[in-house]
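Listed here are the chains, written in short residue letters.
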Amino acid sequence: NYLSGTLQSGKTIGEIDMGGVSTQIAYEADAYNDPRNEIRISINNHEKIIFSKSFLGLGLDESRKEMNQQAVAPSCYPTRYPLTASIFGHFNFAQCERLYENLLDDHEVQKEIKQIPNQQFIAYSGAYYVLDFLGMHDALKQSVIENNVQSICNHTWDELKTTYPTVAEKNLANNCANGVYLDNLFYHAYHMRDSQITVAKEINHTSLNWTLGALLYEILQ
């Protein structure tokens, strides 16, 4: 919000930071009713209530590790991708989607998040790199994400390696599982609406990361 200039306009942007181990969501709430996850701050003489929640274990890597424990986990990887010497991927969007839906339900994400406000969100870090690979650069739409995941990941492992020779093989294989996971997190767990969220690597030529926010928070105290 500092980089976007929205602190002056009063129309703040929510954010989703996607790491490997954990993911965070933060946004301006309408009222103070969750003291565990909300704080009051004053910016330009205006009081704001900020909801902020970190989900340990729901970063891209940790959620994928948990998903991998399920018998049908190969459905989240490209067909013929060698998971082990004897187990190969056989991508199936519907099966993979159910795995991640169950994972997010087990973590009770929806119980921890109250109604997402009707405001814009920016997702960054790991979310940017996965969705950038999937060709998503503008305001996200669920149907487009799902279509792009399927159109790319329904190709065999050899076909993907030929099409994306510069992408590291580990990332290339994991992007299919990670794409399904982000689709579920945004629209199943958070109940985002189409065009409510975009992905970004930087704003006004400055990289997005949590350290600037932490510094600003300390200055405001």
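Report on the accompanying structure. These numbers come from a predicted model, not from an experiment. Numbers given for residues are sequential positions, taken from 1 along each chain in its written order. Residue-level local features of this predicted model are given only where pLDDT is at least 70; pairs of side-chain atoms are given and counted only at 80 or more, and the full residue set underlies all totals for whole chains, interfaces and linings. Hydrogens are left out, water is left out, and the side-chain values use all remaining heavy atoms of the structure.

**Looking at unusual backbone geometry**
- Phi is positive for glutamate 108, close to 55°, though the residue is something other than glycine.
- Phi at serine 195 is positive, roughly 70°, even though this residue is not glycine.
- Structurally, the position occupied by serine 195 is in the loop between helix H8 (169-189) and strand E6 (197-199). Here a strand is any run of E in DSSP of at least two residues, a helix any run of H or I of at least four, and the numbering for each starts at the N terminus.

**Considerations on the environment of proline 82**
- Take proline 82: it is sitting in the loop between helix H2 (60-67) and helix H3 (93-106).
- Proline 82 gets classed as partly exposed once you look at its relative accessible area, which sits at 41%.
- Distance from proline 82 to alanine 173, taken between C-alpha atoms, is 9.6 Å for residues 91 residues apart in sequence.
- Filtering out sequence-adjacent residues up to four positions away, proline 82 remains in contact with Ile87, Phe88 and Trp157. Here the term buried applies to any residue with accessible area under 20% of the maximum for its type, exposed to any over 50%, and partly exposed to those in between, with areas from a 1.4 Å probe on protein chains only. We call two residues in contact whenever any of their non-hydrogen atoms come within 4.5 Å of each other.

**Things to note about the nonpolar core**
- With 54 residues, the main nonpolar core has Ile25, Phe186 and Tyr190 as its most contacted residues.
- Take this core: its biggest share by element is 11 residues, from H8.
- Those residues within four positions of tyrosine 190 in sequence are excluded, and the remaining contacts are Ile16, Thr23, Ile25, Phe55, Val109, Ile113, Ile116 and Leu185. Buried Ala, Val, Leu, Ile, Met, Phe, Trp, Tyr and Cys residues that are joined via side-chain atoms within 4.5 Å together make up what is termed a nonpolar core.

Distances and angles like these do not, on their own, reveal function.
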